[in-house]
Amino acid sequence: MTILVTGGAGFIGSNFVLEWLAGSDEAVVNLDALTYAGNLENLAAVHSEKRHIFVHGDIGNFDLVSQLLAEYQPRAILNFAAESHVDRSIHGPEDFIQTNIVGTFRLLEAVRAYWSKLEGEAKSQFRFLHVSTDEVYGFLNKEDPAFKENNRYEPSSPYSASKAASDHLVRAYHHTYGLPVLTTNCSNNYGPYHFPEKLIPLSIHNALAGKPLPIYGDGQQIRDWLYVKDHCSAIRRVLEAGRVGETYNVGGWNEKANLEVVDTLCAILDQLSPRADGKSYKEQITFVTDRPGHDRRYAIDASKLERELGWKPAESFETGIRKTVEWYLENHAWVANVTSGHYRQWVDQNYGERS
Ligand code: NAD
Ligand code: TYD
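As a starting point, this report considers the structure included with it. (Residues numbered from 1 in each chain as written. Chains lettered and ligands numbered in written order. Predicted model: local features only at pLDDT ≥ 70, side-chain atom pairs only at ≥ 80, totals over all residues. Heavy atoms only, no water.)

Turning our attention to the overall build of the protein. The helix and strand tally for the protein stands at 13 helices and 12 strands. A globule of 355 residues ought to have a C-alpha radius of gyration of about 20 Å, and the protein, at 20 Å, matches this closely. When each of the 355 residues of the protein is scored for burial, the buried share is 55%. Counting only carbon and sulfur atoms, one obtains 50% of the accessible surface of the protein, whose full area is about 15,000 Å². Within the protein, the 46 negative side-chain charges are centred at a point lying 2 Å from the centre of the 35 positive side-chain charges. (Helix = DSSP H or I, 4+ residues; strand = E, 2+ residues; numbered from the N terminus. Rg over C-alpha atoms; globule rule 2.2 N^0.38 Å. Buried < 20%, exposed > 50% of the residue type's maximum accessible area, 1.4 Å probe, protein only. Areas by Shrake-Rupley, 256 points an atom, 1.4 Å probe, with all protein chains shown as cover. Lys, Arg positive; Asp, Glu negative; His and termini not counted. Charge placed at Lys NZ, Arg CZ, Asp CG, Glu CD.)

Next up, the structure:
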């Protein structure tokens, strides 16, 4: 049996592919456009693995996707491919519309054509699992209960609006055509292979490079953090036993203010890789101009996933964040490679204009 993963050279997708190949006999066709966020080095451990078939291409390429479906006859599609960074969506929303909305639509069209010709068990057991975000629900105030699956969609950035549109398309393909879809909406991930444009890897990278640790606004915005391998285990569980057409929220019950996250990272780095001058990395924290339309708080209620499918995260924030720092300390070469070239232009663009 084979599964087709899209975006499997990115942060979460590559963690998923590595774990899938290690834990199952099935092959993985990995379709990835290798944008700035896609990196084949994430998959170095499976370069000689015959069950990993990497295809460089776009989810919006109907002909290519149709050809892959015909050739490999996957039993499931897992759609990770997306433009995923809120700040980039503010600087340039076009790519987000193209990949997250138009790309998902074309992918769904190709999958619908393939699935409609399947028969018997191959048809009834087929699944299209769409990986989405908690950001589609908008933001919460301090006292609000965490997001449940039936919360209204109120996205507020071009990124979250484009993901919301893709979620609606996926569910419409179930409702209208009967395509057996599943949707997961997860909170902020962190862990190995996280591109250092997002808060946690950027802070670790900048701390070790002796650069400022930029905190947007007052640093009191709250995110609900989940270790990436827990997200992958939730996706595997939903694929295995999720009810067709349903949405499952995935989260770690780990609400933290940004400043607290960066303080924690600094404290771990102070222990594991102390600064030469003996001072704390906290000295490098710098408050900068806030993100426009910055969502104040996200929090996920993952009780449906626990109640229906028995899933719970294995890591606490404390254990997961320590593993993450250790991974970055042990993988200098990976960090050095991804922070060369275009990465520098992004840093200049995003941080150059923040006072
Ligand atoms: P990422 O940006 O690290 O990786 C995205 C991958 O998709 C890259 O490998 C990129 O090359 C590929 N890609 C982009 N456009 C493509 C296209 N048109 N065709 C084929 N491949 C394309 O993202 P991530 O953090 O790994 O997120 C994966 C998914 O999980 C996304 O759908 C994202 O919305 C969702 N998600 C992410 C988080 C998070 O905290 N990172 C949380 C919840 C949900
Ligand atoms: P990010 O990792 O970009 O994820 P998202 O915007 O999808 O939640 O940002 C996490 C939080 O950290 C968010 O509130 C913005 C904030 N942030 C900073 O304060 N400084 C930074 O340099 C970055 C990248 C993010």
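Next, the rest of the story.
Around ligand 1, a shell composed of 28 residues is seen, among which Ile12, Asp32, Ser84, Tyr159 and Lys163 lie nearest. Between a nitrogen atom of ligand 1 and a main-chain N or O atom of Ala33, the distance comes to 3.0 Å. Contacts to ligand 1 include Phe80, whose backbone N or O atom sits 3.1 Å from an oxygen atom. Here ligand 1 has 830 Å² of accessible area as a free molecule, and 96% of this is covered by the chains. Elements represented by at least two residues in the shell around ligand 1 include exactly helix H1 (11-23), strand E5 (127-133), helix H6 (158-177) and strand E7 (188-190). Sort the elements by how many residues they give to the shell around ligand 1 and E5 lands first, with 3 residues. (Near = heavy atom within 4 Å. Polar contact = N/O pair within 3.5 Å; in protein donor to acceptor, adjacent residues only side chain to side chain.)

Moving on: the site of ligand 2. The local shell around ligand 2 holds 18 residues, among which Glu135, Arg223, Arg291, His294 and Tyr351 are the closest. Contact distances for ligand 2 include 2.9 Å between an oxygen atom and a backbone N or O atom of Leu199. One of the side-chain nitrogen or oxygen atoms of Arg291 is found 2.6 Å away from an oxygen atom of ligand 2. Surface burial for ligand 2 is 97%, taken as the share of its 510 Å² of free accessible area covered by protein chains. Looking at the shell around ligand 2, the elements that each hand over two or more residues are helix H7 (199-208) and strand E8 (213-216).

Attention shifts here to the packing of helix H2 (residues 62-72) against helix H4 (residues 94-117). Viewed as axis vectors pointing N to C, H2 and H4 meet at an angle of 35 degrees, and their least axial separation amounts to 9 Å. H4 is crossed by H2, and the crossing has right-handed handedness. Counted together, Phe62, Val65, Ser66 and Leu69 of H2 and Arg106, Leu107, Glu109, Ala110, Val111 and Tyr114 of H4 form the full contact between these two elements. Counted by class, the contact of H2 with H4 contains 7 nonpolar, 1 polar and 2 charged residues. (Axes fitted to C-alpha atoms, helices over the stretch in contact; angles between N-to-C directions. Left-handed = near helix turned anticlockwise from the far one by under 90°. Contact = heavy atoms within 4.5 Å. Nonpolar A, V, L, I, M, F, W, Y, C, P; charged D, E, K, R; others polar.)

Following both chains from N to C, one finds H7 and helix H9 (residues 258-272) inclined at 40 degrees, their axes separated by 10 Å at the closest point. If you check the angle between H7 and H9, you find them oblique. Crossing geometry of H7 relative to H9 is assigned as right-handed. In this structure, H7 uses Leu199, Ile200, Ser203, Ile204, Ala207 and Leu208 to contact H9, whose residues at the interface are Asn258, Val261, Val262, Leu265 and Leu269. For the contact of H7 with H9, the per-class residue count stands at 9 nonpolar, 2 polar and no charged. (Parallel < 35°, antiparallel > 145°, perpendicular 65-115°, else oblique.)

Take the packing of aromatic side chains next. All told, the structure shown has 18 aromatic pairs when counted by the stated rule. Ring plane angle 75 degrees and centroid distance 5.9 Å describe the contact between Tyr193 and Trp334, whose orientation is recorded as edge-to-face. Within this pair, whereas Tyr193 is found in the loop between E7 and H7, its partner Trp334 is found in helix H12 (residues 332-338), the two being separated by 141 residues in sequence. The exposure class assigned to Tyr193 is buried, which follows from its relative accessible area of 17%. Take Trp334: its relative accessible area is 6%, and that puts it in the buried class. Aromatic rings pair up to connect Tyr190, Trp225, Tyr227 and Phe317 into one cluster. The ring of Tyr248 is capped by Lys304, whose NZ or CZ atom sits 4.8 Å from the centre of that ring. (Phe/Tyr/Trp six-rings, centres within 6.5 Å; stacked < 30°, edge-to-face > 60°. Lys NZ or Arg CZ within 6 Å of the ring centre and 35° of its normal.)

Before going further, it helps to examine the nonpolar core. In this structure, Phe16 and Leu78 are the most contacted members of the largest nonpolar core, which totals 65 residues. Not counting the four nearest positions on each side in its chain, Phe16 is found in contact with Ile3, Val5, Leu78, Phe80, Cys232, Ile235 and Arg236. In this structure, Val55, Ala110, Phe128 and Tyr173 belong to the second largest nonpolar core, which totals 24 residues. (Core = buried A, V, L, I, M, F, W, Y, C linked by side-chain atoms within 4.5 Å.)

Ordered by their spatial adjacency, 7 strands build an open sheet running E3-E2-E1-E4-E5-E6-E10, and the pairing between neighbours is parallel. The open sheet is flanked by strand E3 (52-56) and strand E10 (247-250), the only strands paired with a single partner. Across the sheet, the axes of successive neighbouring strands diverge by a mean angle of 20 degrees, strand direction being ignored. Relative to the sheet, helix H8 (residues 228-241) contacts strand E4 (76-79), E5, strand E6 (181-186) and E10, its axis offset from that of E5 by approximately 145 degrees. (Pairing = 2+ DSSP bridges.)

Right, let's get into the environment of Arg88. You can see Arg88 is positioned in helix H3 (residues 86-91). With a relative accessible area of 17%, Arg88 lands in the buried category. Along the chain, Arg88 and Asp263 lie 175 residues apart, while their C-alpha atoms are 25 Å from each other. In contact with Arg88, other than residues within four places in its own chain, are Tyr36, Phe96, Phe195, Glu197 and Trp346. Polar side-chain contacts of Arg88 include one of 2.6 Å to the side chain of Glu197.

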